[in-house]
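Structural overview for review
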Amino acid sequence: MKKISIIGSGTMGNGIAHVFAQNGFNVSLVDISEVALQKALATISKNLDRIIAKGNLTEEEKSETLENITTFTNTQKAVKDADLVVEAATENVDLKLKIFKDLNSYTKPNAILASNTSSISITKIASVTDRPDRVIGMHFMNPVPVMKLVEIIRGYSTSDAVTQEVMGIALQLGKVPTECNDYPGFVANRILMPMINEAIYSLYEGVAGVEEIDTIMKLGMAHPMGPLQLADFIGLDVCLSILNVLYEGFGNQKYAPCPLLVNMVQAGHKGIKSGQGFYSWIHGTKELVVSNRFRKK
């Protein structure tokens, strides 16, 4: 298995393309926008430079990695010979269903179709294909080149053979694949998102401020970053989407998104991607600045 297609060139897509290409796979990176593709290549190049600066990569290896990536704006051309397709589009169920319906038509019958979804049912995604046994979840963590975990999600019909093959591919990438079954939020986000939601409720109810909540969790629980900073990093819209999946999937009030989170997303405050979240990300320094709305008066 050497030919890999990645659908979507955003933060996750370009990271996934990076790790496959660096490990010798031929990668077709697909996006509807040529501008987005060029931005993705620039990001990959910059991230490779960081690895070079640490002494873990040579300039020649960087060149080889970039040469392993071919960009496409035409999905059908990009995936026709793929052995594995990894979808890394926006966390929107209707969009993903359309993509997988198209992939089912465009790819060869034995191609494995994987989704990088962080919460959407693999079984539901597989239902629009005629090969549910060859559909699987490959949930990479952000930033992909750095984080070791890949959550491997088995849909209801995913075969043992496909699961083992995908686990093996993840190992070839230097990752630690960990298998779980297809239930809302899988494992990572079923545990993480209620914690983030509770941190937002703590802010919403005036228990403590942004910096206090994050400091307590960083120093008290040995987390590398606080839950509110992490929410900004993930994207508040993504957090809201995952919580809605959990809430709808389990029908349990404990997963209901905090009204503050709902309002922030509706106002366009989505964290790093919009420049404003619980922190300000447009101030031009590496220091965290609490968003004006949450500063103590």
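Thresholds, definitions, all that
Residues numbered from 1 in each chain as written. Predicted model: local features only at pLDDT ≥ 70, side-chain atom pairs only at ≥ 80, totals over all residues. Heavy atoms only, no water. Helix = DSSP H or I, 4+ residues; strand = E, 2+ residues; numbered from the N terminus. Rg over C-alpha atoms; globule rule 2.2 N^0.38 Å. Buried < 20%, exposed > 50% of the residue type's maximum accessible area, 1.4 Å probe, protein only. Contact = heavy atoms within 4.5 Å. Areas by Shrake-Rupley, 256 points an atom, 1.4 Å probe, with all protein chains shown as cover. Pairing = 2+ DSSP bridges. Axes fitted to C-alpha atoms, helices over the stretch in contact; angles between N-to-C directions. Patch = residues over 30% accessible without salt bridge, like charges linked within 9 Å, V, L, I, M, F, W, Y side chains within 5 Å. Salt bridge = Lys/Arg side-chain N within 4 Å of Asp/Glu carboxyl O. Lys, Arg positive; Asp, Glu negative; His and termini not counted. Charge placed at Lys NZ, Arg CZ, Asp CG, Glu CD. 1 Å grid on protein atoms, 1.4 Å probe; cavity = no way out; pocket = protein on both sides within 12 Å on 5 of 7 lines; lining within 4 Å. Points joined across faces, edges and corners; volume = space filled by probe spheres on them. Nonpolar A, V, L, I, M, F, W, Y, C, P; charged D, E, K, R; others polar. Right-handed = clockwise from strand over helix to strand, strands pointing away. UniProt positions renumbered as here; feature names shortened; annotations may be inferred. Polar contact = N/O pair within 3.5 Å; in protein donor to acceptor, adjacent residues only side chain to side chain.

**Describing the overall build of the protein chain**
Helix and strand content of the protein chain: twelve helices and ten strands. Taking 297 residues into account, the globule formula puts the C-alpha radius of gyration at 19 Å, and the protein chain, at 20 Å, falls close to it. In terms of its C-alpha atoms, the protein chain occupies a principal-axis envelope of roughly 60 × 45 × 35 Å. Looking at the protein chain as a whole, 47% of its 297 residues qualify as buried. Put simply, of all contacts in the protein chain between residues at least 6 apart along the chain, 64% involve residues at least 24 apart. When the accessible surface of the protein chain is summed, it comes to about 14600 Å², and 52% of that surface belongs to carbon and sulfur atoms.

**Comments concerning the sheet that holds strand β5 (residues 112-115)**
Within a sheet, adjacent strands bond to each other through the backbone by hydrogen bonds, running parallel or antiparallel. In spatial order, the strands read β3-β2-β1-β4-β5-β6-β7-β8; together these eight strands make up an open sheet with mixed pairing. Only two strands of the sheet have a single partner each, and these edge strands are β3 (69-72) and β8 (176-181). Each neighbouring strand pair of the sheet contributes to a mean axis angle of 25°, computed without reference to strand direction. In this structure, strand β1 (residues 3-7) lies alongside strand β2 (residues 26-30), joined through five bridges in parallel fashion. Bridge pairing in β2 places I7 opposite V30.

**A few points about a negative patch on the surface**
A contiguous patch of negative charge on the surface is contributed by E60, E61, E64 and E67. Residue classification places E60 among the exposed positions, given a relative accessible area of 57%.

**What about the side chain of N197?**
With respect to the helices and strands, N197 occurs in helix α8 (residues 188-204). If we ignore the near neighbours within four places in the chain, the residues touching N197 are L243, K254, Y255, A256, P257 and C258.

**What to know about the layout of surface pockets**
Here the second largest pocket defines a volume of roughly 270 Å³. Contributing to the lining of the second largest pocket are 15 residues, with V93, I120, S121, V245 and E248 lying nearest its centre. The dominant element in the lining of the second largest pocket, judged by the number of residues it contributes, is helix α11 (residues 236-250), at five residues. Of the residues belonging to the lining of the second largest pocket, the class tally is five nonpolar, six polar and four charged.

**Quick look at the pairing of β2**
The two faces of the sheet receive side chains in turn, since in a regular strand these alternate between them. Across the five residues of β2, four count as buried, placing the element largely inside the fold. Taken together, β1, helix α1 (residues 11-22) and β2 constitute a β-α-β crossover, and its handedness is right-handed. Across four bridges, β2 lies against β3 in parallel orientation. Pairing of V30 across the sheet is with F72, part of β3.

**Examining the pattern of salt bridges**
Two side chains bearing opposite charge may form a pair once their charged atoms approach each other closely. A complete count under the given rule lists eight salt bridges for this structure. Ionic pairing is found between D49 and K62, a salt bridge with its closest N-O pair at 2.8 Å. Linking D49 in helix α2 (residues 34-53) with K62 in helix α3 (residues 59-67), this pair joins segments that are 13 residues apart in sequence. Salt-bridge contacts for K108 lead to D83; the nearest nitrogen and oxygen are separated by 2.9 Å. Highlighted residues: K108 in the loop between α5 (93-106) and β5 and D83 in the loop between α4 (75-79) and β4 (84-87), separated in sequence by 25 residues. Through salt bridges that share partners, E87, E91 and K96 make up one connected network.

**Thoughts on the UniProt feature "domain: 3-hydroxyacyl-CoA dehydrogenase NAD binding" (unreviewed entry) in the protein chain**
The feature "domain: 3-hydroxyacyl-CoA dehydrogenase NAD binding" (unreviewed entry), as annotated in UniProt, sits at residues 3-182 in this numbering. Between the C-alpha atoms that bound residues 3-182 the distance is 26 Å, and the span itself is 43% helix and 22% strand.

**Things to note about the side chain of H18**
Structurally, H18 can be placed in helix α1. In this structure H18 touches I44, N47, L48, I51, T65 and P145, once residues within four positions along its chain are discounted.

**Topic: the environment of E151**
The residue E151 is located in strand β7 (residues 149-154) in this model. Judged by its relative accessible area of 4%, E151 is buried. In sequence terms E151 and G185 are 34 residues apart; their C-alpha atoms lie 11 Å from each other. Here H139 takes part through its side chain, which lies 2.8 Å from a polar atom of the side chain of E151.

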